[in-house]
Amino acid sequence: MSHNTVSAAQIAYLRSYQYHKIKIQLYRISILFIFLCLWELGARMEWIDDFIFSSPSKLLACFYHMTTENALFYHIGITLFETLVSFFLVMLFSLLVTILFWYSKSLTETLDPYLVVLNSLPKSALAPLLIVWLGGSYKTIILTGMSVAIFGTILNLYIGFQEVDEEKIKLIKTLGGSKSQALFKVILPANRANLVGLMKSNIGLCLVGVIIGEFIASKCGLGYLIIYGSQVFKLDWVILSILILCIIAMCLYGCIRLLEKKLY
């Protein structure tokens, strides 16, 4: 009897949870729909200047025009490629450097102040120097994207490595295990959530770094379209590019969330 009662309660809870999720999604869609309607109405009724603020209908027309005449998807692809490459390199090099620091305490103590200084530097100030030193190629823009995230990632990862329970590492050593076994059996599994959290923040940071690089030196990409559009007063280009960047950021973050669900 109690088994049936528990099952019924579980079913009721699952239904309630699903209903709540659907309700939240409807709220989100409604807010977006109302915002777009008010934006379009404000432009048509001349409550706002559609030259400066544009409108949904003008942005749709701009999207069609740019896809047929200005290779919009090419620019999106360039920005997406640079962002993904910089993101993967940040995670790879950060993990390798952190492991190296974990193996060598003296190396950590030597380089820690430099990492703190580099992490505190405004990355928008580094970007022009990188471009002057290395040129305005896509490789430099990828490096600019990396510079925004890599130093903070190394510091946060190393803190996570240090916070792992020392008793577990001592147990492995007591049983004759090597430091490498401690790394793969204890340290890395314990930092799985930390790694996923850093991936969530870094995907957005790398996108910001890439856009900064495209602002300064690129002849393609969404950052270039934003700068060029503002210079020639094609503000529809600017607003459309910003909206596309928002969609890209949401999609990339959503991919990390899916990976997180797979891992857990």
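Before any of the text, the structure's been laid out above.
Now for a look at the structure at hand. Every value quoted in this text rests on a predicted model; they were computed, and no experiment measured them.

### Overview of the overall build of the protein
- The helix and strand tally for the protein stands at twelve helices and zero strands.
- Order of helices (α) and strands (β) in the protein, N terminus to C terminus: α-α-α-α-α-α-α-α-α-α-α-α.
- Against the compact-globule benchmark of 18 Å for 264 residues, the protein has a radius of gyration of 24 Å, which places it well outside the compact range.
- The dimensions of the protein, computed from C-alpha atoms along their principal axes, are 75 × 75 × 30 Å.
- Every one of the 264 residues in the protein was classed for burial, and the buried ones make up 36%.
- Counted over contacts in the protein with a minimum sequence separation of 6, partners at least 24 positions apart contribute 71%.
- Counting every atom, the protein has about 16,400 Å² of accessible surface; 69% of that belongs to carbon and sulfur.

### Focus: unusual backbone geometry
- The backbone of E46 sits at a positive phi, close to 65°, despite the residue not being glycine.
- Along the polypeptide, E46 turns up in the loop between α1 (2-44) and α2 (50-53).
- If you check the backbone angles, F233 has positive phi at about 60° while not being a glycine.
- Looking at the element boundaries, F233 is found in the loop between α11 (222-231) and α12 (235-263).

### Overview of the packing of aromatic side chains
- Scanning all chains against the criterion turns up nine aromatic pairs.
- Seen in terms of ring centroids, F63 and F73 are 6.0 Å apart; in terms of plane orientation they differ by 90°. Their pairing is edge-to-face. Taken together, the positions of F63 in helix α3 (residues 56-69) and F73 in helix α4 (residues 72-103) put the pair ten residues apart, joining distant regions of the chain.
- Since its relative accessible area comes to 53%, F73 is described here as exposed.
- Its guanidinium or amino end placed over the ring of W102, K179 lies 5.1 Å from that ring's centre, counting from NZ or CZ.

### A look at the environment of T68
- One can find T68 in helix α3.
- In terms of polar contacts, T68 uses its side chain to reach the backbone carbonyl oxygen of Y64, at 2.9 Å.
- At a separation of 3.0 Å, a polar atom in the side chain of T68 contacts the main-chain carbonyl oxygen of H65.

Here is what the cut-offs are and how they apply
- Residues numbered from 1 in each chain as written.
- Predicted model: local features only at pLDDT ≥ 70, side-chain atom pairs only at ≥ 80, totals over all residues.
- Heavy atoms only, no water.
- Helix = DSSP H or I, 4+ residues; strand = E, 2+ residues; numbered from the N terminus.
- Rg over C-alpha atoms; globule rule 2.2 N^0.38 Å.
- Buried < 20%, exposed > 50% of the residue type's maximum accessible area, 1.4 Å probe, protein only.
- Contact = heavy atoms within 4.5 Å.
- Areas by Shrake-Rupley, 256 points an atom, 1.4 Å probe, with all protein chains shown as cover.
- Phe/Tyr/Trp six-rings, centres within 6.5 Å; stacked < 30°, edge-to-face > 60°.
- Lys NZ or Arg CZ within 6 Å of the ring centre and 35° of its normal.
- Polar contact = N/O pair within 3.5 Å; in protein donor to acceptor, adjacent residues only side chain to side chain.

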